[in-house]
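Here is how the chains run, residue by residue.
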Amino acid sequence: MKALPNIGKPATRALNNVGLTHLEALSQVSAQSVAKLHGVGPKAIIRLEEALKVEGLAFGPDQELAFETDFLAIGDLNCDNAPKRRGIRDFLLAAWMQDVTLTSNYLSSKAQFAEATQAQPLMGIEKILTAYQTATPISSIIIHQLLSHGKEGSAHASLTLQSGHQIHFAEFYQFEGHRKEAKLLKITRYLHSSSESSILLLNRI
């Protein structure tokens, strides 16, 4: 595997934080997506493009997502013909973007959210979104795995904040019905228990 070129410490650190540690990995993501990483500027993108060209490589195409995100989104994003997997993916992106309008497309009017260790759930879209607020802006989200079956689903993902801190979590979902267009009714989150992660989300339940 070919090492990344000299693009400066902030850009290198930003790429390493999301697992883009060598040139070959960049062929799986687009230049536009990488440019969303905090610390990666236009000069770094140009140097990466030049290094890729020397090796006969190139950045990958843009991900076909339902909407544009203001942070890098990578990982298990291909949902093919699985509408509920797609719904979970798009809900996560919309929620971490704090977009009320987009998020409302994926949540039931009776939706509730709770941390696995807490008994009192959050009800309503605006209150649920408080569980997706971070202390500093998000630089990237990696969706490691998405699953759906019948009325249930799950996601394993991690965030990298612009501060460089990472938050790892798993969420389990219950849909309001079996229909492919069914919305999310219940969300339960398990958060990584490190002391760093525990202070990086705002408005804890």
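Before any of the text, the structure's been laid out above.
Here the structure is a predicted model, which means the values were calculated and not measured.

**A few points about the nonpolar core**
Part 1: Ranked by internal contacts, the top residues of the largest apolar core, which has 40 residues, are Phe91, Leu92, Trp96, Leu107, Tyr132, Ile141 and Tyr173.
Part 2: Residue assignment for this core shows that the elements contributing at least two residues are helix H5 (83–96), strand S2 (107–115), helix H7 (125–129), strand S4 (138–149), strand S5 (152–161), strand S6 (166–175) and strand S7 (184–191).
Part 3: Of all the elements, H5 adds the most residues to this core, at 7 residues.
Part 4: Once you skip the residues sitting within four places of it in the chain, tryptophan 96 turns out to touch Phe71, Ala131, Tyr132, Gln133, Thr134, Ile138, Ile141, Leu159, Phe169, Arg189 and Leu201.
Part 5: One finds Ile7, Val34, Ala44 and Ile74 within the second-largest nonpolar core, a separate group that totals 24 residues.

**Observations regarding the environment of alanine 58**
Part 1: By secondary structure assignment, the location of alanine 58 is in the loop between helix H4 (42–54) and strand S1 (72–75).
Part 2: Accessibility expressed as a relative area gives 46% for alanine 58, which makes it partly exposed.
Part 3: It is 36 Å that separates the C-alpha atoms of alanine 58 and lysine 180, two residues lying 122 residues apart in sequence.
Part 4: Beyond its immediate stretch of four places on either side in the chain, alanine 58 contacts Leu26, Ser27 and Leu52.

**Here's the deal with helix H1 (residues 9–17)**
Part 1: Residues of H1 that are buried include every one of Ala11, Ala14 and Leu15, and no others. For H1, the arc enclosing every buried residue in end-on projection is 95 degrees, short of the 170-degree limit, so these residues lie on one face.
Part 2: Check the buried side of H1 and you find it contacts helix H2 (23–26), helix H3 (31–34) and H4.
Part 3: Positive phi appears at glycine 19, one or two residues downstream of H1, with a value of about 85 degrees.

Each value, and the rule that gives it
Position labels on residues start from 1 in each chain and follow its written sequence. For this predicted model, a pLDDT threshold of at least 70 governs which residues receive local features, and a threshold of 80 or more governs which side-chain atom pairs are given and counted, while totals over whole chains, interfaces and linings are taken from all residues. The side-chain figures draw on all heavy atoms in the structure; neither hydrogens nor water molecules are used. To form a nonpolar core, buried Ala, Val, Leu, Ile, Met, Phe, Trp, Tyr and Cys residues must be joined to one another through side-chain atoms within 4.5 Å. The buried label goes to any residue with under 20% of its type's maximum accessible area, the exposed label to any with over 50%, and the partly exposed label to all in between, with areas taken from a 1.4 Å probe on protein chains only. A run of H or I in DSSP counts as a helix once it spans at least four residues, and a run of E counts as a strand once it spans at least two, with each numbered from the N terminus. Note on definitions: a residue-residue contact is assigned when non-hydrogen atoms from the two residues lie within 4.5 Å. Each C-beta atom gives one direction from the helix axis, and the arc is the one those directions make.

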